[in-house]
Amino acid sequence: MTYIMSLLLIGLVLGLVAVASNPSPYFAALGLVVVAGMGCGVLVGHGGPFLSLVLFLIYLGGMLVVFAYSAALAAEPYPESWGSRPVAAYMVLYTVVVGVVSGFFWGGWYEASWVSVDEFGGFLVVRGDVGGVALMYSAGGGMLVISAWVLLLTLFVVLELTRGLSRGALRVV
């Protein structure tokens, strides 16, 4: 389990480096989807499968809107990819910075701090994420509904902006 969590956390950091170093919205959106998947994998590893599913679905809905909007505004024929020299230089720079900063905090981590909530199953009556699900629906149910409506409204706004050259709000000047 420690190896899987290490792999997920390394993928999360590398995905964040890929998002931060890439100026093209196409590849940055792909990096954000990878980061969302890795972050949800970390949540699943620590005993929150339902929360990670809700986060992944809501986050990918928001990413769909952001990707459509950014792809409509930045229509470049040959975007810079991860293999180009400036993007690769930024990736190396950000990776070195993350390595140096994590080196300062390396002494406080040890393997026993990565224990998931289900490994103490003998002390619990229910699973670890059940209380969070009940709390999210009781105290945060209204916010979930408001968030869904805001995402739907944002999707319609983006679709209206990018409807076409002659009919939409965005036109070539």
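Labelled according to an unreviewed UniProt entry, the protein chain appears under the name NADH-ubiquinone oxidoreductase chain 6, originating from Micropterus salmoides salmoides. Its UniProt record, at the heading Function (unreviewed entry), says of the protein chain: "Core subunit of the mitochondrial membrane respiratory chain NADH dehydrogenase (Complex I) which catalyzes electron transfer from NADH through the respiratory chain, using ubiquinone as an electron acceptor. Essential for the catalytic activity and assembly of complex I." What UniProt states about the protein chain under its Catalytic activity (unreviewed entry) heading is, verbatim, "a ubiquinone + NADH + 5 H(+)(in) = a ubiquinol + NAD(+) + 4 H(+)(out)".

Peer 1: I would appreciate a short explanation of a nonpolar patch on the surface in the present structure.
Peer 2: A grouping of Tyr 90, Val 92, Leu 93, Val 96, Val 97, Val 100, Val 101, Phe 104 and Phe 105 is seen on the molecular surface, where their side chains present a nonpolar patch of about 900 Å² in accessible area. Topologically, Tyr 90 is positioned in helix H4 (residues 85–104).

Peer 1: What should I look at first to understand helix H2 (residues 25–45) in this one?
Peer 2: Residue pairs spaced three or four apart in an α-helix point in one direction, given the helix's 3.6 residues per turn. An ideal rise of 1.5 Å per residue puts 30 Å on 21 residues; H2 measures up with 30 Å between its terminal C-alpha atoms. By the burial criterion, the buried members of H2 are Pro 25, Ala 28, Ala 29, Gly 31, Val 35, Ala 36, Cys 40, Gly 41, Val 42 and Gly 45. Considering only its buried residues, H2 is in contact with helix H1 (2–21) and helix H3 (49–73). Just downstream of H2, Gly 47 is the residue with a positive phi angle, here 95 degrees.

Cut-off values and rules
- Residues numbered from 1 in each chain as written.
- Predicted model: local features only at pLDDT ≥ 70, side-chain atom pairs only at ≥ 80, totals over all residues.
- Heavy atoms only, no water.
- UniProt positions renumbered as here; feature names shortened; annotations may be inferred.
- Patch = residues over 30% accessible without salt bridge, like charges linked within 9 Å, V, L, I, M, F, W, Y side chains within 5 Å.
- Areas by Shrake-Rupley, 256 points an atom, 1.4 Å probe, with all protein chains shown as cover.
- Salt bridge = Lys/Arg side-chain N within 4 Å of Asp/Glu carboxyl O.
- Helix = DSSP H or I, 4+ residues; strand = E, 2+ residues; numbered from the N terminus.
- Expected span 1.5 Å × (residues − 1).
- Buried < 20%, exposed > 50% of the residue type's maximum accessible area, 1.4 Å probe, protein only.
- Contact = heavy atoms within 4.5 Å.

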